[in-house]
Amino acid sequence: MTTYGLLVFEDAEELDFAGPWEVFAVSAMLRDAGDETMLIAEKAAPVRCAKGMRVVPDRTFGDHPDLDVLLVPGGRGARVTQPHNTSVTGWIAKTAERAGWVTSVCTGSVLLHAAGPARGRRVATHRSSEDELERRGDVTVVRDARWVVDGNLVTSQGVSAGIDMALWLVGRIHGRDHARAVRAYMQYEPAPPYMADIPE
């Protein structure tokens with residue numbers, strides 16, 4: 001049984017947790033082995049995310065099982081408000097000590113740095129926040145990888161990179177063939193309609 005806990009907070013970027021949620025939930029469904037995927041927040045009240053989506057947490061900081069995987073999303077909340085919320089940073093630090101894997105998407109790595117688990121480690125983050133995170137010190141920002149693995153810490157670049165990271169992680173935990181089955185079920189075959197990074 002694998003237990004996935006995805007942190008949510010005010011101004012969290014929606015796809016940062018919804019993308020990995022889909023990967024983890026499909027994995028659980030295909031495995032049919034009692035895996036759990038849950039949203040965890042400081043309080044039980046609905047959380048308003050960065051683009052206005054409201055989500056209701058499944059569990060709170062004081063009411064969840066031990067986690068095999070902890071995921072921290074990014075967004076304005078991860079960069080601006082939550083790094084100063086000692087309830088959140090304290091919970092991340094304590095939970096990360098017991099989790100098998102500690103992960104982040106986008107600027108979730110900024111929050112992991114504030115909480116401690118990303119300090120002294122190699123990390124990825126959203127390209128617009130790479131310099132800011134580097135200035136915080138005691139961290140090596142990797143700028144040319146969709147996700148970065150440093151021991152049991154796995155951090156990914158912005159938004160959609162979290163899906164790639166989650167698929168890699170599911171493959172690491174449950175095998176590549178299983179991860180391929182998850183990807184096939186999701187019909188995840190990225191083919192961007194506009195190649196924005198390629199000059200005309």
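Here is a short report on the structure shown in this document. Just so you know, these numbers come straight off a predicted model, no measurement behind them.

**Thoughts on the overall build of the chain**
The helix and strand tally for the chain stands at 7 helices and 11 strands. Over its C-alpha trace the chain gives a radius of gyration of 16 Å, about what one expects of a compact globule, namely 16 Å for 200 residues. Along the first, second and third principal axes, the C-alpha atoms of the chain reach 50 × 40 × 35 Å. Counting across all 200 residues of the chain, residues that qualify as buried make up 50%. At a minimum sequence separation of 6, the contacts of the chain that also span at least 24 residues come to 65%. When the accessible surface of the chain is totalled, it reaches about 9700 Å², and 47% of it is carbon and sulfur.

**Thoughts on a nonpolar patch on the surface**
A surface patch of nonpolar side chains, about 300 Å² in accessible area, is lined by M29, L30 and Y185. Residue position: Y185 is located in helix α7 (residues 176–186). Exposure remark for Y185: the relative accessible area of 48% places this residue in the partly exposed category.

**Quick word on the layout of surface pockets**
By volume, the second largest pocket is sized at about 290 Å³. W147, D164, L167, W168, G171, R172, R176, A179, R180 and R183 together form the lining of the second largest pocket. Of all the elements in the fold, those that place two or more residues in the lining of the second largest pocket are α6 (161–174) and α7. Here the lining of the second largest pocket takes 5 residues from α6, the largest share from any one element. Among the residues forming the lining of the second largest pocket, the class breakdown is 4 nonpolar, 1 polar and 5 charged.

**Section: the environment of C106**
Examined against the element boundaries, C106 turns out to sit in the loop between β7 (101–105) and α4 (108–115). Between the C-alpha atoms of C106 and S129, which are 23 residues apart in sequence, the distance is 8.6 Å. Here C106 is in contact with D16, G74, A124, T125, H126, S156, Q157, G158 and V159, once residues within four sequence places are set aside.

**With respect to the environment of L7**
Here L7 shows up in strand β1 (residues 3–7). Among residues more than four places away in sequence, those in contact with L7 are I40, F61, L71, V72, P73, V88, W91, I92 and L111.

**Quick notes on the side chain of N85**
Note on placement: N85 falls in the loop between α2 (76–81) and α3 (86–98). Residue N85 is classed as buried on the basis of its relative accessible area of 19%.

**Some details on the side chain of T107**
One can find T107 in the loop between β7 and α4. For T107, a relative accessible area of 1% translates into the label buried. Leave out the neighbours within four places in its chain, and T107 touches G74, G75, A78, R79, T125, H126 and S129.

**Focus: the sheet that holds strand β2 (residues 36–41)**
Picture the strands of a sheet paired through backbone hydrogen bonds; they go either parallel or antiparallel. Spatial ordering of the open sheet is given by β5-β2-β1-β6-β7-β11-β10, a layout of 7 strands whose pairing is mixed. At either margin of the open sheet sits one strand with a lone partner, and together these are β5 (59–60) and β10 (147–150). Two elements, β1 and strand β6 (residues 69–72), share 3 bridges in a ladder whose sense is parallel. Along β6, the bridge assignment pairs G5 with L70. α3 contacts β1, β2, β6 and β7 of the sheet and is inclined by roughly 150 degrees relative to β6. Together, β1, β6, β7 and β11 (153–156) form the strand contacts of α4, whose direction differs from that of β7 by roughly 135 degrees.

Procedures and definitions
Residues numbered from 1 in each chain as written. Predicted model: local features only at pLDDT ≥ 70, side-chain atom pairs only at ≥ 80, totals over all residues. Heavy atoms only, no water. Helix = DSSP H or I, 4+ residues; strand = E, 2+ residues; numbered from the N terminus. Rg over C-alpha atoms; globule rule 2.2 N^0.38 Å. Buried < 20%, exposed > 50% of the residue type's maximum accessible area, 1.4 Å probe, protein only. Contact = heavy atoms within 4.5 Å. Areas by Shrake-Rupley, 256 points an atom, 1.4 Å probe, with all protein chains shown as cover. Patch = residues over 30% accessible without salt bridge, like charges linked within 9 Å, V, L, I, M, F, W, Y side chains within 5 Å. Salt bridge = Lys/Arg side-chain N within 4 Å of Asp/Glu carboxyl O. 1 Å grid on protein atoms, 1.4 Å probe; cavity = no way out; pocket = protein on both sides within 12 Å on 5 of 7 lines; lining within 4 Å. Points joined across faces, edges and corners; volume = space filled by probe spheres on them. Nonpolar A, V, L, I, M, F, W, Y, C, P; charged D, E, K, R; others polar. Pairing = 2+ DSSP bridges. Axes fitted to C-alpha atoms, helices over the stretch in contact; angles between N-to-C directions.

The quantities given are spatial measurements derived from coordinates; they are silent on function.
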